[in-house]
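Spelled out, the chains give:
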Amino acid sequence: MAATKKIVVLPGDHIGPEITNSAVEVLKVVEKRRPELKLEFEEHKIGGASIDAFGTPLTDETIKACLEADGVLLGSVGGPEWTDPNCRPEQGLLKLRKSMNVWANLRPCNFASESLVKCSPLREEVAKGVDFCVVRELTGGCYFGDRKEDTGDGKACDTWPYSVEEVTRIARLAAWLAKRSNPPAPVTMLDKANVLASSRLWRKTCTKVFKEEFPELTLNFQLIDSAAMLVVKSPRTLNGVVLTDNLFGDIISDECSCIPGSLGLLPSASLSGVPQETSEKVHCLVEPIHGSAPDIAGKGIVNPIGTILSASLLLRWALNAPAEAQAIDDAVRKVLDDKSIGGRGLYTRDLGGEAMTADITKAVCEELEKLL
Ligand SMILES: NC(=O)C1=CN([C@@H]2O[C@H](COP(=O)(O)OP(=O)(O)OC[C@H]3O[C@@H](n4cnc5c(N)ncnc54)[C@H](O)[C@@H]3O)[C@@H](O)[C@H]2O)C=CC1
Ligand SMILES: CC(C)CC(=O)C(=O)O
Ligand SMILES: [Mg+2]
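None of these values were measured; they are calculated from a predicted model.

Quick notes on the site of ligand 1
Here comes step 1: Taken together, the neighbourhood of ligand 1 is formed by 19 residues, with V77, E90, G291, A293 and D295 sitting nearest.
Here comes step 2: V77 is positioned such that a nitrogen or oxygen atom in its backbone is 2.8 Å from an oxygen atom of ligand 1.
Here comes step 3: In this structure, H290 approaches ligand 1 through a side-chain N or O atom, which is 3.2 Å from a nitrogen atom.
Here comes step 4: Compared with its free state, where it exposes 810 Å², ligand 1 has 69% of that area covered by protein.
Here comes step 5: When grouped by side-chain class, the residues that make up the shell around ligand 1 number seven nonpolar, eight polar and four charged.

The structure is reproduced here in structure tokens:
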């Protein structure tokens, strides 16, 4: 009999439940067509929903469930209604990442379908062929450094700590990813080494790791401000692996989402190690890269593709089911390429179309049924 895999689902706030519902529907199709992959879904609260129910953005019970699970699927947290700086929805997500020790956040940026090139605000010849993966350090840096709130003295402060150990492990993971490509992909590290001490530690550590352990790989350095310019001017120069810290990775990946056309398209997977490289349990948390989009919540118009592709990453990284993950990617591509709808694919409003969240989800499920 197939061993049941437990997936913890954390819908979160605003559009969170809409997008996790879509991804769970898609995963249920996989389960239906692959009886050897038995999935059990267990839902918990996080963020504002948890504050409202329990007075805290993340309970110990939810952390325990996530640590015991085979994988965690998160929607999004946050919203303007939670205003207490000492009890914010986002603190729940940061605490979850730290508790699961998921220090590596992989954010692939490419075209889920080549037909999307025409949705890019960039000219076609600039946008086409973009294919890189942002490897963002996720449990260090200024999101986790000591901070001081303004307590009425008109002063606030955030700190930006990194250790050689934290940089070494993410550098090795980026190199491991780069080596999986044929030919091996170049790695571009983004930092602010002309100003920040933590960035200089990153450069020194990455240079050492690549020179001593991966001399066959190319490691380029790019300052983060000019990298932000390259993302819109010549994004293919970043093709390969883009290695960067927590804050820079957060910001640049939202900018990168404009290349394929919408923040709603891009998935992410956060890992506590490389599953193929260790016998220890690797925790895996998947989520779209966007936030809780309060401006469009509850209208049925959210683009669910970033979350559906996150479910694909869950199959790939947490459940060792690469063929099923590929089938989801292929189903998404078919839906985006479906010319039967006004001759231009099935798109939600963020991509200039009229499809509802439910239309996209249903179409992906139907295509997936045919593929599996
Ligand atoms: N991982 C998480 O849970 C994250 C949570 N947040 C939180 O989300 C809240 C809103 O933040 P914003 O800055 O507005 O960022 P956001 O990512 O929620 O939205 C930015 C813009 O993109 C649009 N958008 C986002 N996802 C979309 C989708 N799937 N389909 C169509 N359009 C989409 C929104 O409608 C909005 O206009 C804040 O409380 C923030 O802290 C922000 C980023 C990540
Ligand atoms: C804690 C967050 C809301 C961080 C964020 O914006 C992200 O991970 O994309
Ligand atoms: Mg973000």
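Structural notes on the packing of aromatic side chains
Here comes step 1: Overall, the coordinates contain four aromatic pairs when judged by the stated rule.
Here comes step 2: Note on Y162 and W202: the rings are 5.3 Å apart at their centroids and 90° apart in plane angle, and the pair reads as edge-to-face. Note that Y162 is positioned in the loop between strand 7 (157-158) and helix 6 (164-180) and W202 in helix 7 (residues 197-213), a separation of 40 residues in sequence. Take Y162 and W202: they sit in the same class, and that class is buried.

Some details on the packing of helix 1 (residues 16-33) against helix 12 (residues 357-371)
Here comes step 1: The contact between helix 1 and helix 12 brings their axes to 10 Å, and the two run at 15°. Taken together, the axes of helix 1 and helix 12 lie roughly parallel to each other. The element helix 1 and its partner helix 12 pack so that their crossing is right-handed. Residue-level inspection shows S22, E25, V26, V29, V30, K32 and R33 of helix 1 in contact with helix 12, the latter providing T357, T361, V364, C365, L368 and E369.
Here comes step 2: Residue composition of the contact of helix 1 with helix 12, by class: six nonpolar, three polar and four charged.

Some words on the site of ligand 2
Here comes step 1: Surrounding ligand 2, one finds E90, L94, R97, R107, R136, D250 and I289.
Here comes step 2: At a separation of 3.1 Å, an oxygen atom of ligand 2 approaches a polar side-chain atom of D250.
Here comes step 3: Among the cavities detected, the one that contains ligand 2 is the second largest pocket.
Here comes step 4: No other element matches the three residues that helix 4 (residues 89-100) contributes to the shell around ligand 2.
Here comes step 5: In the shell around ligand 2, the residues fall into two nonpolar, no polar and five charged.
Here comes step 6: When we break the shell around ligand 2 down by domain, the ones giving at least three residues each are domain 1 (1-103 + 294-371) and domain 2 (104-145 + 156-271).

As for helix 6
Here comes step 1: Helix length check: helix 6 (17 residues) gives 24 Å between terminal C-alpha atoms against 24 Å at 1.5 Å per residue, within 8%.
Here comes step 2: Buried residues of helix 6: E166, V167, T168, I170, A171, L173, A174, A175, W176, L177 and A178, and no others.
Here comes step 3: Close packing links the buried residues of helix 6 with strand 4 (104-110), strand 5 (131-137), strand 8 (187-191), helix 7, strand 10 (240-244) and helix 10 (305-317).

Observations regarding the packing of helix 3 (residues 60-68) against helix 4
Here comes step 1: Helix 4 packs onto helix 3 with a crossing angle of 45° between their chain directions and a minimal axis gap of 10 Å. Accordingly, the angle class assigned to the pair helix 3 and helix 4 is oblique. Our pair here, helix 3 against helix 4, has a crossing hand that is right-handed. Within the contact between the two elements, helix 3 uses I63, C66 and L67 and helix 4 uses K95, L96, S99 and M100.
Here comes step 2: A class-by-class count of the residues in the contact of helix 3 with helix 4 yields five nonpolar, one polar and one charged.

Conventions adopted
- Residues numbered from 1 in each chain as written.
- Chains lettered and ligands numbered in written order.
- Predicted model: local features only at pLDDT ≥ 70, side-chain atom pairs only at ≥ 80, totals over all residues.
- Heavy atoms only, no water.
- Near = heavy atom within 4 Å.
- Polar contact = N/O pair within 3.5 Å; in protein donor to acceptor, adjacent residues only side chain to side chain.
- Areas by Shrake-Rupley, 256 points an atom, 1.4 Å probe, with all protein chains shown as cover.
- Nonpolar A, V, L, I, M, F, W, Y, C, P; charged D, E, K, R; others polar.
- Phe/Tyr/Trp six-rings, centres within 6.5 Å; stacked < 30°, edge-to-face > 60°.
- Helix = DSSP H or I, 4+ residues; strand = E, 2+ residues; numbered from the N terminus.
- Buried < 20%, exposed > 50% of the residue type's maximum accessible area, 1.4 Å probe, protein only.
- Axes fitted to C-alpha atoms, helices over the stretch in contact; angles between N-to-C directions.
- Parallel < 35°, antiparallel > 145°, perpendicular 65-115°, else oblique.
- Left-handed = near helix turned anticlockwise from the far one by under 90°.
- Contact = heavy atoms within 4.5 Å.
- 1 Å grid on protein atoms, 1.4 Å probe; cavity = no way out; pocket = protein on both sides within 12 Å on 5 of 7 lines; lining within 4 Å.
- Sits in = over half its atoms within 2 Å of the grid points.
- Domains from an automatic or database assignment.
- Expected span 1.5 Å × (residues − 1).

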